[in-house]
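# Commentary on secondary and tertiary structure
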Amino acid sequence: MNPQSGRSTQIENEESLSRVKDEDLVVRTRAHDPWAPGELVHRYQQKAYAIAYHFTDGNVQDAEDLTQEAFLRAFQNLENFRGDSSFYTWFYRILVNVCLDATRRRKRWRQVFLPWQHDPTDKGLSPEERPDPEAHERSLKAISEKELSRDIRKSLKSLPEKQRLAFQLKALHGMSIQEIARTMGTAEGTVKSHLFRATHFLREKFKDWEEA
Amino acid sequence: MNMKACPDRYDTILLAAYGELDPEQRRDWEEHRTACPGCRDEYQAVLSLLGRIKESMPVPELSEKTARSILWSVKQELGKEREKASWWKQWLVRPGRLVPALATACLVLITFGWFGMNLIQSPDTDQDSLGTIAENQAVVKDLEVIKNIEFLEDLDTLQELETVLDRNESI
């Protein structure tokens, strides 16, 4: 067989496979097509990894593990996918649940085994309930760009879980409010409320920086 | 000094910054934005903040090697699960394979059942026999009483006679 023709056939196959719809891939995966799950992983692993990466505060290893776990859980529960929503919304919902579970597990583990390592920002309070950050922090005008980035990450971390999730999915991953609502399993109005509160909190916190 | 944004427009400003306004709301917002410098400034500030946040939280590209490793692990795990599933399916699809296992199970049940019944029955049998002996003893006693009933009646008469005589003597 001519290796060149073999290569071109492979490229053609790859091109035609990339045109296959997610729903068809799901059907093929259910029918134990060995190629279909690979294509689904290939399509969504970068975005899934990005979401997991932000959830784990930039821990590469944890992000990879969570991405893998989310795909596994999705394929294990593929029978439950009824096609009411798109595959990726359904998958991101699983991913978000995997990430939330991991975050809660880590939090519990810290509380039990490292109770002295208390995170002062992690009080589970809404931004409205927290003390005014400006009263405690030095002027943002003076801090460097790098410090500002660190501060942004810290502020995001201090947001309540759902506000943070809604904000990250919207601002960092460009999902629509409708998609976020489906991913979080909540109403669009609730997502908007989370999003507005989070944005308002960050806007207030970094007002000085913007003015500077 | 910056003018303040209209308080009733704050949600619209955020929705506009997130690109979530429908065409009609968008038109309305655009008209307002051109006329209101406060809202325009706030909109720009929110856009700039969102841009800044996105910049400060970049995501490292998933390397080809890691991507392949994730895919390989997922496929590996799925393969394992399918093997497990197919093992069960083999039994379910071809029930003929279950015959030796079922026969063995029946044999075990019968054997243990027989021994078990014997073990259960033996203490009861002892109790039963003890009960029967007691019952028999009681019956024998009753028979003796019945046999000697006339003699006992005579005894009662004699006792009564004795008491009458004793009374007469005392008088």
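All values reported here derive from a predicted model rather than from experimental measurement.

Here the focus is the packing of helix α7 (residues 145-158) of chain A against helix α3 (residues 37-56) of chain B. As a packed pair, α7(A) and α3(B) sit with axes 9 Å apart at the nearest point and diverge in direction by 95°. Taken as axis vectors, α7(A) and α3(B) run roughly perpendicular relative to one another. Contact residues: A:Glu145, A:Leu148, A:Ser149, A:Ile152, A:Arg153 and A:Leu156 in α7(A); B:Arg52, B:Ile53 and B:Ser56 in α3(B). Residues that form the contact of α7(A) with α3(B) fall into these classes: four nonpolar, two polar and three charged.

On the chain A side, the residues contacting the 34 residues of chain B number 43 residues. Buried area between chain B and chain A, both sides added, is near 3,700 Å², and the carbon and sulfur share of it is 69%. Summed over the three residues of chain B that lose the most area to chain A, namely B:Tyr18, B:Arg52 and B:Met57, the buried surface amounts to 18% of that side. There are two salt bridges connecting chain B and chain A. The partner of A:Lys170 in a salt bridge is B:Glu20, and the shortest N-O contact between them spans 2.7 Å. There are eight residue pairs in polar contact (both at pLDDT 80 or more) connecting chain B and chain A. Of all the elements in the fold, those that place two or more residues in the side of chain B that touches chain A are α1 (10-17), α3 and α4 (64-93) of chain B. In terms of residues, the side of chain B that touches chain A owes the most to one element, α4(B), which gives twelve residues.

This brings us to a nonpolar patch on the surface. Residues and elements named next belong to chain B. Residues Val-145, Ile-149, Phe-151, Leu-152, Leu-155, Leu-158, Leu-161 and Leu-165 make up a contiguous nonpolar surface patch of roughly 750 Å² in combined accessible area. It is helix α6 (residues 149-170) that contributes the most residues to the nonpolar patch, seven residues altogether. Structurally, the position occupied by Leu-165 is in helix α6.

All names here are of chain A. Even without glycine at this site, His-32 takes up a positive phi of about 65°. For His-32, the location among the structural elements is in the loop between α2 (22-30) and α3 (36-55). His-32 sits in the partly exposed class, given a relative accessible area of 44%.

Another point: the confidence of the model for chain A. With 75% of its residues at a pLDDT of at least 70, chain A reaches an overall mean of 80. This model gives residues 120-129 of chain A a pLDDT under 50, and the stretch forms twelve contacts once residues within four places in sequence are excluded.

All names here are of chain A. With their axes 9 Å apart at the nearest point, helix α4 (residues 60-76) and helix α5 (residues 87-113) run at an angle of 130° to one another. One finds that α4 runs oblique with respect to α5. Considering only the axes of α4 and α5, their crossing is right-handed. Contacts from Asp-62, Leu-66, Thr-67, Glu-69, Ala-70, Phe-71, Arg-73 and Ala-74 in α4 reach Trp-90, Phe-91, Ile-94, Leu-95, Val-98, Cys-99, Asp-101, Ala-102 and Arg-106 in α5. Residue classes in the contact of α4 with α5 are distributed as eleven nonpolar, one polar and five charged.

Rules used throughout
Residues numbered from 1 in each chain as written. Chains lettered and ligands numbered in written order. Predicted model: local features only at pLDDT ≥ 70, side-chain atom pairs only at ≥ 80, totals over all residues. Heavy atoms only, no water. Axes fitted to C-alpha atoms, helices over the stretch in contact; angles between N-to-C directions. Helix = DSSP H or I, 4+ residues; strand = E, 2+ residues; numbered from the N terminus. Parallel < 35°, antiparallel > 145°, perpendicular 65-115°, else oblique. Contact = heavy atoms within 4.5 Å. Nonpolar A, V, L, I, M, F, W, Y, C, P; charged D, E, K, R; others polar. Buried area = accessible area lost by both parts, 1.4 Å probe. Salt bridge = Lys/Arg side-chain N within 4 Å of Asp/Glu carboxyl O. Polar contact = N/O pair within 3.5 Å; in protein donor to acceptor, adjacent residues only side chain to side chain. Patch = residues over 30% accessible without salt bridge, like charges linked within 9 Å, V, L, I, M, F, W, Y side chains within 5 Å. Areas by Shrake-Rupley, 256 points an atom, 1.4 Å probe, with all protein chains shown as cover. Buried < 20%, exposed > 50% of the residue type's maximum accessible area, 1.4 Å probe, protein only. pLDDT = per-residue confidence, 0-100. Left-handed = near helix turned anticlockwise from the far one by under 90°.

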